[in-house]
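# Observations on the three-dimensional arrangement
Take a look at the letters that make up each chain.
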Amino acid sequence: MLYAIISEDVNNSLEWRMAARPDHLARLEKLRDEGRLVLAGPHPAVDAESPGDAGFSGSLVVAEFEDLPTAQAWADADPYVIAGVYAKVTVKPFKKALP
């Protein structure tokens, strides 16, 4: 089943994000290589493709997991969680309707 992992950053998270980014991306690339990643990306803190020093306000990952506890465990082990980037992480079942 698909799950949405909706994460919200702490204030001024950009430095921590950049430090943990290689490990964070490696985990997402593993999901992609396994054919389980639907989409992933950050929410810019300002209305711009490249927010610069404004950074990001959170992230969204939609991926396939065996069940909700497995998705939650995966989210809890994210390098951004460990580095203190995220203030809150919500994991919910997701049903793709379109396209």
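Residues numbered from 1 in each chain as written. Predicted model: local features only at pLDDT ≥ 70, side-chain atom pairs only at ≥ 80, totals over all residues. Heavy atoms only, no water.

## Things to note about the layout of surface pockets
- Its volume calculated, the largest pocket comes out at about 250 Å³.
- In terms of lining, the largest pocket is formed by 14 residues, of which the most central are Arg17, Arg21, Leu25, Pro42 and Tyr80.
- The dominant element in the lining of the largest pocket, judged by the number of residues it contributes, is helix α1 (residues 14-33), at six residues.
- Within the lining of the largest pocket, the residues separate by chemical class into nine nonpolar, three polar and two charged. (1 Å grid on protein atoms, 1.4 Å probe; cavity = no way out; pocket = protein on both sides within 12 Å on 5 of 7 lines; lining within 4 Å. Points joined across faces, edges and corners; volume = space filled by probe spheres on them. Helix = DSSP H or I, 4+ residues; strand = E, 2+ residues; numbered from the N terminus. Nonpolar A, V, L, I, M, F, W, Y, C, P; charged D, E, K, R; others polar.)

## A look at the packing of aromatic side chains
- Under the definition given, this model contains three aromatic pairs.
- Taken together, a centroid distance of 5.6 Å and an interplanar angle of 50 degrees make the contact between phenylalanine 65 and tryptophan 74 tilted.
- The exposure class assigned to phenylalanine 65 is buried, which follows from its relative accessible area of 3%.
- Judged by its relative accessible area of 14%, tryptophan 74 falls in the buried class.
- Members of the aromatic cluster, joined through ring pairs, are Tyr3, Phe65 and Trp74.
- When the ring centre of tryptophan 74 is taken as reference, the NZ or CZ atom of arginine 27 above it lies at 4.0 Å. (Phe/Tyr/Trp six-rings, centres within 6.5 Å; stacked < 30°, edge-to-face > 60°. Buried < 20%, exposed > 50% of the residue type's maximum accessible area, 1.4 Å probe, protein only. Lys NZ or Arg CZ within 6 Å of the ring centre and 35° of its normal.)

## A few points about the sheet that holds strand β4 (residues 86-94)
- On the basis of which strands lie adjacent, the open sheet formed by four strands has the order β2-β3-β1-β4 and antiparallel pairing. In the strand order of this sheet, the two ends are held by β2 (37-44) and β4, each with one partner. For this sheet the average axis-to-axis angle between neighbouring strands, irrespective of direction, equals 10 degrees.
- Direction of pairing for β2 relative to strand β3 (residues 56-64): antiparallel, over a ladder of seven bridges. Across the sheet, the residue bridging to alanine 40 is valine 61, located in β3. (Pairing = 2+ DSSP bridges. Axes fitted to C-alpha atoms, helices over the stretch in contact; angles between N-to-C directions.)

## What to know about the side chain of aspartate 9
- Tracing the chain through its elements places aspartate 9 in strand β1 (residues 2-9).
- The exposure class of aspartate 9 is buried, given its relative accessible area of 11%.
- Polar side-chain contacts of aspartate 9 include one of 2.7 Å to the side chain of arginine 17.
- When sequence neighbours within four positions are dropped, the list of residues in contact with aspartate 9 reads Arg17, Phe56, Ser57, Gly58, Val85, Tyr86 and Ala87. (Polar contact = N/O pair within 3.5 Å; in protein donor to acceptor, adjacent residues only side chain to side chain. Contact = heavy atoms within 4.5 Å.)

## Notes on the pattern of salt bridges
- Within the structure shown, the criterion is met by five salt bridges.
- Arginine 17 is the partner of aspartate 9 in a salt bridge, and the nearest nitrogen-oxygen pair spans 2.7 Å. For the pair aspartate 9 and arginine 17, a shared accessibility class is recorded, and that class is buried.
- Between lysine 30 and glutamate 34 there is a salt bridge, and its shortest N-O distance comes to 2.6 Å. (Salt bridge = Lys/Arg side-chain N within 4 Å of Asp/Glu carboxyl O.)

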